[in-house]
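Chain by chain, the residues run as shown.
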Amino acid sequence: MIQDPIEIRHLRYFLAVSGAGSFSRAADRLGISQPSVSQQMRDLETALRVSLFQRRGKRILLTAAGLIFEEHARAILRQLENFLDELSSDSGQSHGALHLGIVPWLDVALVPQLLGLFAARHPSVNLTVTEISSDDIETALEEGRLDVGLGFLTRHSPNLLYERLSCDEFALVVPAGHQWSNRRMIHLSELHQQRLLQLPRSFLVRRTSDAICRSNQVRPQTVAEISAIETLLRSLAPLNAAALLPKVALRGTTGLKAIRLRGKNLPMEMGILRLKDSSANSLVAAFTQLTKAAVPEILGKGLKATRTSKGRGKQRR
């Protein structure tokens, strides 16, 4: 039971201190005196009955309770800002900020068209897009640093909603001139000791591709681990290597081919990630509704265009 009321300024001052790592630097950023900041933080700790800060030399660090409070304070302030923006609108349009996390695979394939559609319907909303891995999207959603994510669905977190939009399968991605570039299909058993470029194991896609290799009892030769997707794809030709990746990785690229795989493959579900209690956020609800309607159509058009292009190429030959 909290004895004294916690006010919005307590949250703002607390986040300023946690961000600055110092009461004096936080006071400078806030434009108030250091004693005032220190007193407000003492009042906050008294009201919560926990210690939020610990000193390490001249630096102020957060305790375990402080880290928990930081996560919720940031989320509360963001929700409040969105709420106040909506109240201040007299045009009936949505206002506020929406923070979107997206995996690199879907950035080129989806983001330009999807953001264009959303901005046309909600021109007063400030959109921020961060390109990160699916695991990092889940963490950022739970910590309140993101509002919604688009990525691969792990279904690991009990705090998140995972809503499927489409499903992709792995393929062997090779550059033009590769020894297998004319193949239509590769059996997974043929990948044993073959030169592959890999993502680091911190990526869900890498862990899934490793599982595919284990289930097919093959051990490829890892030429290099590259964390930037675009760099990995551009390095295939110079290194004369292939990559085991979802087919969506090829969207927006040239000079590469996705060869179908035979053997024990694993599908990759792609979709929307958000907190279970995010329905109260009108911007998240609006983005989710639009995405569910638009993404299957966007991906479908891309697939149709690819097939049409291949068909024309066959006719020319």
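Preceding this section is the structure that the text describes.
Everything in this summary refers to the structure shown in the same document.

**Looking at the sheet that holds strand 8 (residues 185–187)**
And step 1. Spatially, the 4 strands line up as an open sheet ordered 8-12-7-11, and their pairing is mixed. Of all strands in the sheet, those with a lone pairing partner are strand 8 and strand 11 (243–246), marking the two edges. Pairwise comparison of adjacent strand axes, ignoring direction, gives a mean angle of 45° for this sheet.
And step 2. As paired strands, strand 7 (residues 170–175) and strand 12 (residues 256–262) are joined by 4 bridges and run antiparallel to one another. When the bridges of strand 12 are listed, valine 174 appears paired with lysine 257.

**What about the environment of threonine 291?**
And step 1. Within the element layout of this structure, threonine 291 appears in helix 9 (residues 282–316).
And step 2. Of the residues examined, threonine 291 reaches a relative accessible area of 0% and is grouped as buried.
And step 3. Remark: the alpha-carbon pair of threonine 291 and phenylalanine 118, spanning 173 residues in sequence, is separated by 8.8 Å.
And step 4. The contact partners of threonine 291, leaving out residues within four places of it in the chain, are Leu114, Leu150, Leu165, Ile272 and Pro296.

**Quick word on the environment of isoleucine 298**
And step 1. Positionally, isoleucine 298 belongs in helix 9.
And step 2. When its relative accessible area of 8% is taken as the criterion, isoleucine 298 is described as buried.
And step 3. When the C-alpha positions of isoleucine 298 and leucine 110 are compared, they lie 7.1 Å apart, and in sequence the two are 188 residues distant.

How each quantity is defined
Residues numbered from 1 in each chain as written. Predicted model: local features only at pLDDT ≥ 70, side-chain atom pairs only at ≥ 80, totals over all residues. Heavy atoms only, no water. Pairing = 2+ DSSP bridges. Helix = DSSP H or I, 4+ residues; strand = E, 2+ residues; numbered from the N terminus. Axes fitted to C-alpha atoms, helices over the stretch in contact; angles between N-to-C directions. Buried < 20%, exposed > 50% of the residue type's maximum accessible area, 1.4 Å probe, protein only. Contact = heavy atoms within 4.5 Å.

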